[in-house]
Amino acid sequence: NAGVTQTPKFQVLKTGQSMTLQCAQDMNHEYMSWYRQDPGMGLRLIHYSVGAGITDQGEVPNGYNVSRSTTEDFPLRLLSAAPSQTSVYFCASRSAGGPQAFGPGTRLTVL
Amino acid sequence: AQSVTQLGSHVSVSEGALVLLRCNYSSSVPPYLFWYVQYPNQGLQLLLKYTSAATLVKGINGFEAEFKKSETSFHLTKPSAHMSDAAEYFCAVSNNAGGTSYGKLTFGQGTILTVHP
């Protein structure tokens with residue numbers, strides 16, 4: 001199993017640009033989540049999904065959209081990038097009763 | 001609602017000394033508790049988890065944590081620090097009550113562990 005994969009690893013955007021961060025898992029996990037990590041703030045939940053077709057907002061959802069059309073994929077869309085969205089983004093997945101497995105992260109810089 | 005507080009953003013120990021990283025949680029339902037470790041420029045790796053079985057939980061790399069309901073604590077310890085333990089450590093809580101909130105992790109702010117020779 002590849003586990004949780006994320007692309008790209010690094011990205012630089014200009015303010016106002018849009019982009020999609022990709023996340024995929026091959027473990028048939030029901031639950032998938034997106035977190036952002038900022039210094040001194042730990043990881044904060046952006047959006048999560050409890051199954052294909054079901055998504056909900058986390059702690060910091062503004063400026064981000066998600067969809068879950070398949071069990072495997074959970075892309076995160078930045079609609080109009082802002083410097084405040086400069087962060088490291090982690091995707092995670094888990095099965096019912098199992099711990100979260102995290103991807104390697106995407107380091108995003110918005111200029 | 002659930003929350004996690006990690007006491008001390010930086011902890012420094014000598015090699016061979018006891019490691020103690022503090023975590024207190026708040027949860028309105030019986031919690032699941034986790035410790036994750038993050039090495040520089042890497043993702044998060046699960047160290048150990050508490051899921052209402054034994055209150056003393058043993059994890060990887062010689063770490064263990066004890067769930068104390070009366071103190072709402074889940075402190076992480078290791079008897080003898082090694083240079084390779086230098087990393088950032090995150091405590092996290094998740095509710096196990098089911099429903100659509102099941103599996104949402106709330107993280108503490110993180111504690112950076114430095115190990116001196």
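Now for a description of the structure that goes with this document. (Residues numbered from 1 in each chain as written. Chains lettered and ligands numbered in written order. Predicted model: local features only at pLDDT ≥ 70, side-chain atom pairs only at ≥ 80, totals over all residues. Heavy atoms only, no water.)

1. Some remarks on the pattern of salt bridges
Residues and elements named next belong to chain A.
Then, in step 1: Counted according to the given criterion, the structure contains four salt bridges over all chains.
Then, in step 2: In this structure, R36 and D38 form a salt bridge, with 2.9 Å as the shortest nitrogen-oxygen distance. The same class applies to R36 and to D38, which are both buried.
Then, in step 3: Salt-bridge contacts for R44 lead to D38; the nearest nitrogen and oxygen are separated by 2.8 Å.
Then, in step 4: Beyond isolated ion pairs, a larger network of salt bridges with shared partners links R36, D38 and R44. (Salt bridge = Lys/Arg side-chain N within 4 Å of Asp/Glu carboxyl O. Buried < 20%, exposed > 50% of the residue type's maximum accessible area, 1.4 Å probe, protein only.)

2. Quick word on the pairing of strand β11 (residues 111–116) of chain B
Residues and elements named next belong to chain B.
Then, in step 1: The alternating pattern of β11 places T111, L113 and V115 on a buried face, while none of I112, T114 and H116, on the opposite face, is buried.
Then, in step 2: Pairing of strand β2 (residues 10–14) with β11 involves five bridges; the strand directions are parallel. Along β11, the bridge assignment pairs V11 with L113.
Then, in step 3: By the bridge criterion, three bridges tie strand β9 (residues 87–95) to β11 in an arrangement that is antiparallel. Within β11, the residue paired with Y89 across the bridge is T111. (Helix = DSSP H or I, 4+ residues; strand = E, 2+ residues; numbered from the N terminus. Pairing = 2+ DSSP bridges.)

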